[in-house]
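Listed below are the residues making up each chain.
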Amino acid sequence: MRFSVCAAALAVAATLSSAAAANPPVEAFGDLPLLSSPQLAPDGKHFAAIEQLEGRPTVVIYPVNAPEARPVIVPSPKAIITGAFWINSDRLLVTVKANLKEAGERLETWSRAFVMNADGSNVQMLLKGSGSLGLNYDGNAVLSEDATNPNLIYVELWVWAEAYNEFHLDLYRVDVGNGDREIIARGTHDTGQWLMDGKGHVVARIDETHRPLVDHLMVADGDNWREVAHFDASAGGEASVLGMSEDGQSLIVQRNLTGHDALYPLNIATGKYGDALYSNPSYDAATPIYDDQSGRIVGVVYTADKTEFRYFDPAREALQLGLEQAFPGQSVAAASYDTTRNIVIAETNDPKKGINYYYLDRTTHRADPIASAYPKLQETDLGEMKSFSYKARDGRDIPAYLTLPPGRQPKNLPLVVFPHGGPQSRDVRGFDWWAQFMANRGYAVFQPNYRGSSGYGSAFREAGYHQWGLKMQDDITDGVHKLIADGTVDAKRICIVGASYGGYAALAGAAFTPDLYRCAVSVAGVTDLRRMLATDLENADSSSAAVSYWNSRLGNRYDDETQLDAVSPALHADKIKIPVLLMHGTGDTTVRIAQSEEMQDALERAGNKPVFIQFDGDDHNLEFGPTRNRMLSEIEKFLKANIGN
């Protein structure tokens, strides 16, 4: 090992070589990852990672090549740590969030950022003392660093403009050494985004106008601004600006010209597009890859069967291809590197091998394991994840995954139907602690990427619009019937389990296909669509992007009242005849706990007796280890009682 490590990490090698337990404890799956999001300092002398401490995420800073030095532990007992990255070789930025009620208002998620030295000293909160900070839910968004001065960062902040009686999005320069700040650019009423070049210069801003929704790309021209492009900003709009190209000449714009999202350079000087930097005839370009130091876009992530990484620069692409050769068949990427790119932390992901991290020294061609994210699990504990597709009733091809119980053949198995959340998301071939737990306990786990899922192009995504509980639900149902017809699963032992939209789908399956399932589990699921929209859009302008998004995906809560009610499980609880398990975090601000409370009340009025478990203080993402372990334990008991094991 090239750096000092905590005792838990040192135990990894012994854990990996020990004999696999026939039935690992719940904690082997439900504990937070031993290590995640490792970040090397630019000079390579430290790396930071998020680890777990007493069931909560914490930041640990390790000195590299200093085995006598102790790691620095940065706990956060009153907030939830969400990330950490190096501003420069001496200063680490840590982001946190907390779910709070301010002045008697409803529960909201507040985020903040702190900077500290590598030894944990000189801790300062970004923009502390700013009167406007308290008005911002999001106070940790670092827009850009500055390659010319590693002590400077740039942060956006909504500021109340008293003279205009409105908010403006202003841009601050912050010195991470002493916390000093100053405004360097003031937005207008319409400004919603700033774009910088990574060297301390404002390049552009995006102003959004309503009725119709249009994004105007404004380029800095001395003290003036000129529009070089504009885009439809309504749901399904034509483009979004992601950042700056590595050469500094263009902005990178995500556009859909051929049915799939692709990345194009937009020349700042001329306002003209170049040829696509990346496009794929089958899959969307999902997210850009930003350089650790410059913040400029150097590559793209997309998902075919597994997550793939592609770079525009030949040197970076060569590194990526080398990693793929070293870890064949796995999803692998450089999670972080130093300024020379000779020292790399690589992350691998595989359904059977789990998530693992390696320290690569490219000068010596040596790779040392750092840690496994789930060190208590071994390959024999994990099920094989198979990809397949099937035809929906209208002929559409639906991609899906089936994870088999370890050591079992795909014949007459009890089945857990496990639709993903979002719904504009997707499942991928990779390690899934929740799905693998259920497979380990003896169940086949079916994960369909129903229409409306992301990554497969605009036609597939848009086929899910206004189809909650309808064709999206039919896709799930048709996949189950396919597995029954193939003899893979036992038709009398099927349960549907999901979280968020997946929780909605579980309850919709129970209500609208009551003879297909023997039980249903909803974790933080949506149950009343009109009530959800009323809550989420309570203070939104009717012409805003948020309203446009939901109107296109789900429907207008006023004009589409009949359809929304027709597919809301809480309004059809009388149709549900099977046992139901509801679970929800009290700190959830994405799907509020009132959704599960309404479902419980509706089921009880209908004569059903659901089990309802609340997780005090946890939120939509189940941030705490004890929450995840409790959830898995309850699901294990519930499945065993209703479909055996």
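Heads up: the structure comes first, above all this text.
All figures in this text were calculated on a predicted structure; none of them were measured in a lab. (Residues numbered from 1 in each chain as written. Predicted model: local features only at pLDDT ≥ 70, side-chain atom pairs only at ≥ 80, totals over all residues. Heavy atoms only, no water.)

Caption draft 1: Here's a closer look at the overall build of the chain. When you go through the chain residue by residue, the secondary structure sums to 13 helices and 35 strands. Over its C-alpha atoms the chain spans a radius of gyration of 25 Å, differing by no more than 12% from the 26 Å that the globule rule assigns to 645 residues. With respect to the principal axes defined by its C-alpha atoms, the chain has extents near 70 × 60 × 50 Å. For the chain, with 645 residues in total, the buried portion stands at 57%. When contacts within the chain are restricted to residue pairs at least 6 apart in sequence, long-range pairs at least 24 apart make up 55% of them. With an accessible surface of roughly 26600 Å², the chain has 49% of that area assigned to carbon and sulfur atoms. Here the chain contributes 59 positive and 82 negative side-chain charges, whose respective centroids are spaced 6 Å apart. (Helix = DSSP H or I, 4+ residues; strand = E, 2+ residues; numbered from the N terminus. Rg over C-alpha atoms; globule rule 2.2 N^0.38 Å. Buried < 20%, exposed > 50% of the residue type's maximum accessible area, 1.4 Å probe, protein only. Contact = heavy atoms within 4.5 Å. Areas by Shrake-Rupley, 256 points an atom, 1.4 Å probe, with all protein chains shown as cover. Lys, Arg positive; Asp, Glu negative; His and termini not counted. Charge placed at Lys NZ, Arg CZ, Asp CG, Glu CD.)

Caption draft 2: Examining the sheet that holds strand β33 (residues 519–523) more closely. With mixed pairing, the eight strands of this open sheet are ordered in space as β28-β29-β31-β30-β32-β33-β34-β35. The open sheet has two edge strands, β28 (385–391) and β35 (611–615), and neither has a second partner. Taking the axes of each pair of neighbouring strands and ignoring which way they run, one obtains an average angle of 20° across the sheet. Here four bridges tie β33 to strand β34 (residues 580–585), and the two strands are oriented parallel to one another. Note that in β34 the partner of Ala-520 across the bridge is Val-580. Here helix α5 (residues 433–440) sits on the sheet and contacts β29 (397–403), β30 (413–417), β31 (444–448), β32 (489–499) and β33; the angle it forms with β31, its principal contact strand, is near 145°. Contacting β30, β32, β33, β34 and β35, helix α13 (residues 625–643) runs over the sheet at an angle of about 170° to β33. (Pairing = 2+ DSSP bridges. Axes fitted to C-alpha atoms, helices over the stretch in contact; angles between N-to-C directions.)

Caption draft 3: Geometry of the packing of helix α7 (residues 471–485) against helix α8 (residues 501–512). One can describe the packing of α7 onto α8 by two numbers: an axis separation of 11 Å at closest approach and a directional angle of 75°. It follows from the interaxial angle that α7 and α8 lie roughly perpendicular. For the pair formed by α7 and α8, the contact residues are Met-472, Gln-473 and Ile-476 on the first element and Tyr-501, Ala-505, Ala-508 and Gly-509 on the second. When the residues that make up the contact of α7 with α8 are grouped by side-chain class, the tally is five nonpolar, two polar and no charged. (Parallel < 35°, antiparallel > 145°, perpendicular 65-115°, else oblique. Nonpolar A, V, L, I, M, F, W, Y, C, P; charged D, E, K, R; others polar.)

Caption draft 4: Structural context of the sheet that holds strand β21 (residues 287–290). Taken in spatial order, the three strands line up as β21-β22-β23 in an open sheet, and their pairing is antiparallel. Only two strands of the sheet have a single neighbouring strand rather than two, namely β21 and β23 (307–311). Ignoring strand direction, the axes of neighbouring strands in this sheet form an average angle of 30°. Set on the sheet, helix α4 (residues 314–326) makes contact with β22 (297–303) and β23; between it and β23 the angle comes to about 150°.

Caption draft 5: Representation of the state of the cysteines within the structure. Tallied over the entire structure, the rule returns one disulfide. Two residues, Cys-495 and Cys-519, share a disulfide whose sulfurs are 2.2 Å apart. The chirality of the disulfide connecting Cys-495 with Cys-519 is left-handed, given an S-S dihedral of about -135°. With Cys-495 in strand β32 and Cys-519 in strand β33, the pair connects residues that are 24 residues apart, well separated along the chain. In this pair, the class of Cys-495 matches that of Cys-519, namely buried. (Disulfide = S-S within 2.5 Å.)

Caption draft 6: Structural detail: the environment of Gly-452. Here Gly-452 lies in the loop between β31 and α6 (458–462). Assessed through its relative accessible area of 7%, Gly-452 is described here as buried. Residues Gly-452 and Gly-422 lie 30 residues apart in sequence; the distance between their C-alpha atoms is 9.3 Å. Each residue touching Gly-452, except ones within four places of it in the same chain, is listed here: Pro-423, Gln-424, Phe-460, Arg-461 and Gly-464.

Caption draft 7: Spatial organisation of unusual backbone geometry. With an omega of 0°, the peptide bond between Arg-211 and Pro-212 qualifies as cis. Inspection of the secondary structure puts Pro-212 in the loop between β15 (202–209) and β16 (214–221). Cis geometry marks the peptide bond from Gly-422 to Pro-423; its omega dihedral reads 0°. Among the secondary structure elements, Pro-423 is positioned in the loop between β30 and α5. Phi is positive for Arg-341, close to 60°, though the residue is something other than glycine. Judged by its relative accessible area of 21%, Arg-341 falls in the partly exposed class. In this structure, Ser-500 takes a positive phi of about 60° despite not being glycine. Examined against the element boundaries, Ser-500 turns out to sit in the loop between β32 and α8.

Caption draft 8: Local environment of the pattern of salt bridges. Here the structure, examined in full by the defined rule, presents 34 salt bridges. A salt bridge links Lys-97 to Glu-623, with the nearest nitrogen and oxygen atoms 2.7 Å apart. Residue Lys-97 is located in strand β6 (residues 91–100), and its partner Glu-623 is located in the loop between β35 and α13; the two are separated by 526 residues in the primary sequence. Glu-623 shares its class with Lys-97; the two are buried. A salt bridge links Arg-429 to Asp-350; its shortest N-O distance comes to 3.6 Å. Of this pair, Arg-429 sits in the loop between β30 and α5 while Asp-350 sits in strand β25 (residues 343–350), and the two are 79 residues apart along the sequence. The class for Arg-429 is partly exposed, based on a relative accessible area of 24%. (Salt bridge = Lys/Arg side-chain N within 4 Å of Asp/Glu carboxyl O.)

Caption draft 9: Geometry of the packing of α5 against α13. Remark: α5 packs on α13, axes separated minimally by 11 Å, with the N-to-C direction vectors making an angle of 35°. The chirality of how α5 crosses α13 is right-handed. For the pair α5 and α13, the contacting residues are Trp-433, Trp-434, Phe-437 and Met-438 in the first and Arg-628, Met-631, Leu-632, Ile-635, Glu-636 and Leu-639 in the second. Residue composition of the contact of α5 with α13, grouped by class: eight nonpolar, no polar and two charged. (Left-handed = near helix turned anticlockwise from the far one by under 90°.)

Caption draft 10: Spotlight on helix α12 (residues 594–605). The end-to-end C-alpha distance of α12 is 16 Å, a good match for the 16 Å that twelve residues give at a rise of 1.5 Å each. Taken as a whole, α12 has its buried residues at Gln-595, Ser-596, Glu-598, Met-599, Gln-600, Ala-602 and Leu-603. Contacts from the buried residues of α12 go to α8, α9 (529–536), β34 and β35. (Expected span 1.5 Å × (residues − 1).)

Caption draft 11: Examining a nonpolar patch on the surface more closely. On the surface, a cluster of nonpolar side chains totalling about 360 Å² of accessible area is made up of Leu-135, Trp-158, Trp-160 and Phe-167. With respect to the secondary-structure elements, Phe-167 resides in strand β12 (residues 166–175). (Patch = residues over 30% accessible without salt bridge, like charges linked within 9 Å, V, L, I, M, F, W, Y side chains within 5 Å.)

Caption draft 12: Region of interest: the environment of Ala-641. Here Ala-641 lies in helix α13. The spatial distance from the C-alpha of Ala-641 to the C-alpha of Cys-519 is 9.6 Å, given a sequence separation of 122 residues.

By themselves, these observations are geometric and do not establish any function.
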